[in-house]
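Structural overview for review
Single-letter residue listing:
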Amino acid sequence: MRARQALTHPSVNFVGVSDLVAGNASALAGKVGAQFHTADNLEVIARPEVNAVIVSTAEGEHMKPILQAIELGKPVLVEKPIALSVADADRIIAASEQAGVEVRVGYSRRFKDLRWMLAKEQIAQGRMGRVTGISARLFNNRANGIAIMTRDREATPLVDALTYYVDIVNWMLEGARPVEIVARGQKGVLKAAGFDVDDINYAIITYSDGTVVNLTVSYALPEKYPALGHATRFEMLGTEGVLIIDDDHTDQIMYTNKGIPHVYLPGHEVNMVFLNSGTPGDWALGEFYGAIANETRAWLDHLVTGKGCHLATPREARTTLETTLGIQLAAETGKIITLPLPG
Ligand SMILES: NC(=O)c1ccc[n+]([C@@H]2O[C@H](COP(=O)([O-])OP(=O)(O)OC[C@H]3O[C@@H](n4cnc5c(N)ncnc54)[C@H](O)[C@@H]3O)[C@@H](O)[C@H]2O)c1
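Summary of the structure given here. Keep in mind that what you see is a predicted model, and the values were worked out from it rather than measured.

The rules we used
- Residues numbered from 1 in each chain as written.
- Predicted model: local features only at pLDDT ≥ 70, side-chain atom pairs only at ≥ 80, totals over all residues.
- Heavy atoms only, no water.
- Helix = DSSP H or I, 4+ residues; strand = E, 2+ residues; numbered from the N terminus.
- Rg over C-alpha atoms; globule rule 2.2 N^0.38 Å.
- Buried < 20%, exposed > 50% of the residue type's maximum accessible area, 1.4 Å probe, protein only.
- Contact = heavy atoms within 4.5 Å.
- Lys, Arg positive; Asp, Glu negative; His and termini not counted.
- Charge placed at Lys NZ, Arg CZ, Asp CG, Glu CD.
- Pairing = 2+ DSSP bridges.
- Phe/Tyr/Trp six-rings, centres within 6.5 Å; stacked < 30°, edge-to-face > 60°.
- Lys NZ or Arg CZ within 6 Å of the ring centre and 35° of its normal.
- Near = heavy atom within 4 Å.
- Polar contact = N/O pair within 3.5 Å; in protein donor to acceptor, adjacent residues only side chain to side chain.
- Areas by Shrake-Rupley, 256 points an atom, 1.4 Å probe, with all protein chains shown as cover.
- Nonpolar A, V, L, I, M, F, W, Y, C, P; charged D, E, K, R; others polar.
- Domains from an automatic or database assignment.
- Core = buried A, V, L, I, M, F, W, Y, C linked by side-chain atoms within 4.5 Å.
- Patch = residues over 30% accessible without salt bridge, like charges linked within 9 Å, V, L, I, M, F, W, Y side chains within 5 Å.
- Salt bridge = Lys/Arg side-chain N within 4 Å of Asp/Glu carboxyl O.
- Axes fitted to C-alpha atoms, helices over the stretch in contact; angles between N-to-C directions.

Comments concerning the overall build of the chain
Across its full length, the chain carries eleven helices and 16 strands. A compact globule built from 343 residues should have a C-alpha radius of gyration of about 20 Å, and the chain, at 20 Å, falls within 12% of that. In terms of overall dimensions, the chain has C-alpha extents of about 55 × 50 × 40 Å along its principal axes. Put simply, the chain has 343 residues, and 51% of those count as buried. Within the chain, contacts between residues separated by at least 24 positions form 68% of all contacts whose residues are at least 6 apart in sequence. Taking the average place of the 32 positive charges on the side chains of the chain and the average place of its 39 negative ones, the gap between the two points comes to 1 Å.

Structural data, given as structure tokens:
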């Protein structure tokens, strides 16, 4: 998706792709029309035509190609989460800041239609007053959760999926930081499928300015639940306003005997579907629209024109990672966890 978006950007005239699995790289290059492909990340990062790098490897494989790109002075867009440990995130931040090479993290929810940007805008305009509380709930089907954890067992629903809404909350509450976490969970079908994670987690987070946040995630909904990605409810309360985002996608329903495919899970097909629920976006009439498309374009526009950029910074992504690891620890131990986590 990123490669295809990049190739259609007017300022891009060369795209090279790499994948550990050589067949994946050549298949992708053929599909999107990339000019170069290899099984060696450094080979493509070092190409003289390449002056910006998108790291879309699996969650635990982000750091090395980011550091390689930074060393060669090439700005990076990396998929979320920035890394799977705070120590790795710190290495990326240190390398980026020392070299003066910009790294951005693809929290693409920020770019899903205009709803999240508009929420942020209301805060910026002072229409919410002081935000006193936020509640965000994320649902997805178990097939998605199992696919992600099969790629990387540490990419749990908390660290890899709720992370989007921790990012959104932290972004809305810019200036305050999470300081205390209480969380609980219950196991069920994901454990039965071989992954020692909860089916459902509830967390309450207190921020440094006293704002309270309630986060819920379940990646254990029935496999054929009609949402083909995130189904979300978001509520924000302030001293002067209340803002509700209904992102469950129940406003666009279709049933088809022919089956409709998942946007990126091969073989996953449903008959009943909430249209527009694909997390990265959706295909329509040969084009890819939605969060990833908007975000990739915004990043490229920023690099080319120098205009402002609303993609997450590595420092924001580090706080978000630490928060999700803190929720996980709070749920596992039943204890109140304070942030920062001990090093
Ligand atoms: N923003 C979004 O909407 C969104 C959606 C899905 C995934 N993601 C993120 O994108 C990243 C990748 O997820 P995916 O669903 O594309 O995974 P995937 O498993 O479909 O693809 C990952 C690819 O990376 C390759 N790979 C793994 N390690 C590598 C390495 N060290 N060097 C080169 N290639 C390597 C694999 O062979 C595979 O082809 C993750 O960080 C994930 O969280 C973001």
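Brief notes about the pairing of strand β11 (residues 242-247)
Only one face of β11 is buried, namely the one carrying L243, I245 and D247, since none of V242, I244 and D246 on the opposite face is buried. When strand β10 (residues 231-238) meets β11, the two strands line up antiparallel, connected through six bridges. Residue pairing across strands places E235 opposite I244, the latter belonging to β11. In textbook terms, the turn of a hairpin is the stretch between consecutive antiparallel strands, and for β10 and β11 this stretch comprises three residues.

With respect to the packing of aromatic side chains
For any two aromatic rings, the description comes down to two numbers: the centre-to-centre distance and the angle of the planes. For the structure on display, the rule yields five aromatic pairs. Relative to F274, the ring of Y225 has its centre 5.8 Å away and its plane inclined at 90 degrees; by these criteria the two rings are edge-to-face. Placement of the pair is Y225 in the loop between β9 (212-221) and β10 and F274 in strand β13 (residues 269-274), with a sequence separation of 49 residues. With relative accessibility at 23%, the residue Y225 sits in the partly exposed group. Owing to a relative accessible area of 7%, F274 belongs among the buried residues under this scheme. A centroid spacing of 5.0 Å and a plane angle of 65 degrees characterise the contact between W283 and F288, whose relative ring orientation is edge-to-face. Assessed through its relative accessible area of 42%, W283 is described here as partly exposed. A relative accessible area of 4% places F288 in the buried class. Members of the aromatic cluster, joined through ring pairs, are W116, Y165 and F234. Its guanidinium or amino end placed over the ring of F36, R47 lies 4.2 Å from that ring's centre, counting from NZ or CZ. Its end group placed over the ring of F139, R137 keeps NZ or CZ at 4.2 Å from the ring centre.

Here we look at the site of the ligand
Near the ligand, the surroundings consist of 20 residues, among which D19, E59, K80, S108 and R151 are the closest. One of the backbone N or O atoms of L20 is found 3.0 Å from a nitrogen atom in the ligand. Take H62: an N or O atom from its side chain is 3.0 Å from an oxygen atom of the ligand. Compared with its free state, where it exposes 840 Å², the ligand has 78% of that area covered by protein. A class-by-class count of the residues in the shell around the ligand yields seven nonpolar, six polar and seven charged. Two domains share the shell around the ligand, each providing at least three of its residues, namely domain 1 (2-109 + 305-313) and domain 2 (112-280 + 320-337).

Considering the nonpolar core
Within soluble globular proteins, side chains that are nonpolar tend to cluster in buried spots. Core analysis: the biggest nonpolar cluster contains 84 residues, and I134, L215, F234, M236 and I327 have the highest contact counts within it. A total of eleven residues in this core trace back to one element, the largest contributor, which is helix α8 (residues 157-172). If we skip the residues at most four places from it in the chain, I134 touches V169, M172, L173, V212, V213, N214, F234, E235 and M236. In terms of nonpolar packing, the next biggest core, distinct from the first, is built from five residues, L190, F195, V197 and A220 among them.

As for the side chain of E295
Residue placement: E295 occurs in helix α10 (residues 291-305). The contact partners of E295, leaving out residues within four places of it in the chain, are R2, V105, G106, Y107, S108, F111 and L311.

Some points on a nonpolar patch on the surface
The grouping of L237, V242 and I244 at the surface amounts to a nonpolar patch, some 290 Å² of accessible area in total. As for its position among the elements, I244 is in strand β11.

Re the pattern of salt bridges
Throughout the structure, instances matching the rule amount to 23 salt bridges. A salt bridge links R110 to D167; the nearest nitrogen and oxygen atoms lie 2.8 Å apart. With R110 in the loop between β5 (103-106) and α6 (115-124) and D167 in helix α8, the pair connects residues that are 57 residues apart, well separated along the chain. When its relative accessible area of 1% is taken as the criterion, D167 is described as buried. Here K187 and D196 are joined by a salt bridge, their closest N and O atoms 3.8 Å apart. The class for K187 is partly exposed, based on a relative accessible area of 34%.

What to know about the environment of R151
With respect to the helices and strands, the residue R151 is situated in helix α7 (residues 142-151). Ignoring sequence-local partners within four residues, the contact set of R151 consists of A58, E59 and D160.

What about the sheet that holds strand β6 (residues 131-141)?
Strands sit in the order β11-β10-β6-β9-β8-β7-β16 across an open sheet of seven strands; the sheet is mixed. Strands at the two margins of the open sheet, each flanked by one partner only, are β11 and β16 (337-338). Judged from the six bridges that link them, strand β8 (residues 200-207) and β9 form a sheet pairing that is antiparallel. Residue pairing for β9: T206 is matched across the bridge by V212. Those strands touched by α6 are β6, β10 and β11, and its axis lies near 175 degrees from that of β11.

The quantities given are spatial measurements derived from coordinates; they are silent on function.
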